[in-house]
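Residue-level structural notes
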Amino acid sequence: MKSELEQKFVNLLEKHQNIVHKICRMYADNEAQHKDLFQDITVQLWKAYPKFRGEAKFSTWMYRVALNTAITLYRKQKRGIKTQNIDSVGFKIEADYYDDTTEQNLKLMYAAVKELNDIDKALVFLYLEDKNYTEISETLGISEVNARVKMNRIKKKLKTIINP
Amino acid sequence: MDELDLLKQDWKRQEKSLPRVKTDEICQMMHKKSTSIVKWIFIISIAEFIFWLGLESLSFFENSHNVIQQLGLESFYRITLIINYAMIVVFIGLFFRNYKRISTDDNVKVLMKNIITTRKTVKAYVWFNVIAFGVSFVVVSIITINQVLENQSIEAKLVGYVILFFILVIIILILFGFYRLLYGFLTRRLYKNYKILKKIDRND
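Here the structure is a predicted model, which means the values were calculated and not measured. (Residues numbered from 1 in each chain as written. Chains lettered and ligands numbered in written order. Predicted model: local features only at pLDDT ≥ 70, side-chain atom pairs only at ≥ 80, totals over all residues.)

**Some remarks on the overall build of chain B**
- From N to C terminus, chain B includes 7 helices and 0 strands.
- Listing each helix as α and each strand as β along chain B from the N terminus yields α-α-α-α-α-α-α.
- Against the globule reference of 17 Å for 204 residues, chain B gives a C-alpha radius of gyration of 26 Å, more extended than a compact globule.
- The principal-axis extent of the C-alpha atoms belonging to chain B is close to 90 × 40 × 25 Å.
- By residue count, 16% of the 204 residues in chain B fall in the buried class.
- For chain B, the proportion of contacts with a sequence separation of at least 24, taken over those separated by at least 6, is 69%. (Helix = DSSP H or I, 4+ residues; strand = E, 2+ residues; numbered from the N terminus. Rg over C-alpha atoms; globule rule 2.2 N^0.38 Å. Buried ≥ 20, exposed ≤ 12 C-beta atoms within 10 Å, placed from the backbone. Contact = placed C-beta atoms within 7 Å.)

Shown next, in the form of structure tokens:
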């Protein structure tokens, strides 16, 4: 028998699972790692759930716990073949939606994002998720100004990859 | 259009290709074990406390009581014993206080800092033990050498001291290497990421 708390948690996670999958895409190198990380994040979310008081939005709270798991707690299992092929890192670009140059640029950018360190990945991830700098700085524990400076540097870096 | 805006646009489109996990799959996942480094740090730390506590209560140390008496080191032994037990209580208390502070819904930097502090407490405990062991070892050995080799030449005593020094260095190197290996494996990524975060906040 599932408890009421359990049921509530499962429903919330099911509803917001995209956030976790997107973090997995960002940090996992292959499908096996994606599954492992999703599993780990689920365990950590469930362990932390009794402390979730509902003052924050469930999704906001989820970003924190899930990112913390991906960056700090999770230990990558070296199973599966490590491939750097863009299609196997999880991002699927709909080719017929873009012209060739744009498609190529997107592939290059996703590959570049994948090469970033764990912290820069988190910054880019939160940026892509439309989080403002206040939220980004609160999630990572750095100042807002420095988050902005760092993000601008990453933007520049990505720009040079496309227009060398 | 800004390159990152293009990426942002496509990022939203990515949602369509994301896998979906069903509620019963989530239920199964919730109760599985995690690979969390915190769990491993906790287990290893407890093992360390037990190891050093165990070492103290070994009969070896009980039997050595006679030797201590013969060497006239009773008060030295008593004082180190009191200090040792007091320190164990302090360290275990600190360890649990730090461990309880670790929470995954803190921000990334605070979480990392709390894990590192917990780890440092145990590290300090281990070094306290290593140093305490080293000091007792040296004191007891020097007195023993002096008594056993009382009528021997200075050279013979010197050889004794050199051997003693090498034994001590080897023991400390083994312990040091063991810890580097054990925790290097667990915390390398954590320290690396923590440094990056700190660097961002220094803005250089």
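After presenting the structure, the write-up continues.
**Let's talk about the interface of chain B and chain A**
- Taken together, the 41 residues of chain B in the interface contact 51 residues of chain A.
- Among the secondary structure elements, those contributing two or more residues to the side of chain B that touches chain A are α1 (3–14), α2 (23–30), α3 (37–57), α6 (108–148) and α7 (154–202) of chain B.
- With 9 residues, α1 of chain B is the largest single contributor of residues to the side of chain B that touches chain A.
- A per-class count over the side of chain B that touches chain A returns 22 nonpolar, 10 polar and 9 charged. (Nonpolar A, V, L, I, M, F, W, Y, C, P; charged D, E, K, R; others polar.)

**A word on the packing of helix α2 (residues 31–48) of chain A against α2 of chain B**
- Here α2 of chain A crosses α2 of chain B at 75°, and the two axes come no closer than 8 Å. Judged by the angle between their axes, α2 of chain A and α2 of chain B are roughly perpendicular. Contact residues: Q39, T42, V43 and W46 of chain A in α2 of chain A; I26, M29 and M30 of chain B in α2 of chain B. (Axes fitted to C-alpha atoms, helices over the stretch in contact; angles between N-to-C directions. Parallel < 35°, antiparallel > 145°, perpendicular 65-115°, else oblique.)

**Concerning unusual backbone geometry**
Residue and element names in this part refer to chain A.
- Within the chain, D130 stands out as a residue other than glycine whose phi angle is a positive 70°.
- Tracing the sequence through the fold places D130 in the loop between α5 (118–128) and α6 (133–140).
- Judged by the 10 C-beta atoms lying within 10 Å of it, D130 falls in the exposed class.

**Some details on the confidence of the model for chain B**
Residues and elements named next belong to chain B.
- Residues with a pLDDT of 70 or more make up 95% of chain B, whose mean pLDDT is 83.
- Of all helices and strands in chain B, the one with the weakest mean pLDDT is helix α4 (residues 59–71) (64), whereas α2 scores best (90).
- If you check the scores for this complex, the pTM reads 0.82 and the ipTM reads 0.83. (pLDDT = per-residue confidence, 0-100.)

**Considerations on the packing of helix α1 (residues 4–27) of chain A against α2 of chain B**
- The contact between α1 of chain A and α2 of chain B brings their axes to 9 Å, and the two run at 115°. Here α1 of chain A runs over α2 of chain B; the crossing is right-handed. Between α1 of chain A and α2 of chain B, the residues in contact are V10, L13 and E14 of chain A and T23, I26 and C27 of chain B, respectively.
- When grouped by side-chain class, the residues that make up the contact of α1 of chain A with α2 of chain B number 4 nonpolar, 1 polar and 1 charged. (Left-handed = near helix turned anticlockwise from the far one by under 90°.)

**Remarks on the nonpolar core**
- Ranked by size, the top nonpolar core spans 58 residues in total, and within it I23, L37, A66, L67, A70, A122 and L123 of chain A carry the most contacts.
- The contacts of L123 of chain A, once residues within four sequence positions are left out, are I136, A147, K150, M151 and I154 of chain A.
- Listed in part, the 5 residues of the second largest apolar core include F95, V122, Y125 and V126 of chain B. (Core = buried A, V, L, I, M, F, W, Y, C linked by C-beta atoms within 7 Å.)

**Details of the environment of H21 of chain A**
- Structurally, the position occupied by H21 of chain A is in helix α1.
- By the C-beta count within 10 Å, which is 22 here, H21 of chain A ends up buried.
- Sequence separation of H21 of chain A and A66 of chain A is 45 residues, and the distance between their C-alpha atoms is 10.0 Å.
- Beyond its immediate chain neighbours, meaning those up to four positions away, H21 of chain A contacts F38 of chain A together with L18 and P19 of chain B.

**Focus: the environment of H16 of chain A**
Residue and element names in this part refer to chain A.
- Positionally, H16 belongs in helix α1.
- The spacing of H16 and N146 is 130 residues in sequence and 29 Å in space, taken between C-alpha atoms.
- Not counting chain neighbours up to four residues away, the residues in contact with H16 comprise F58, S59 and M62.

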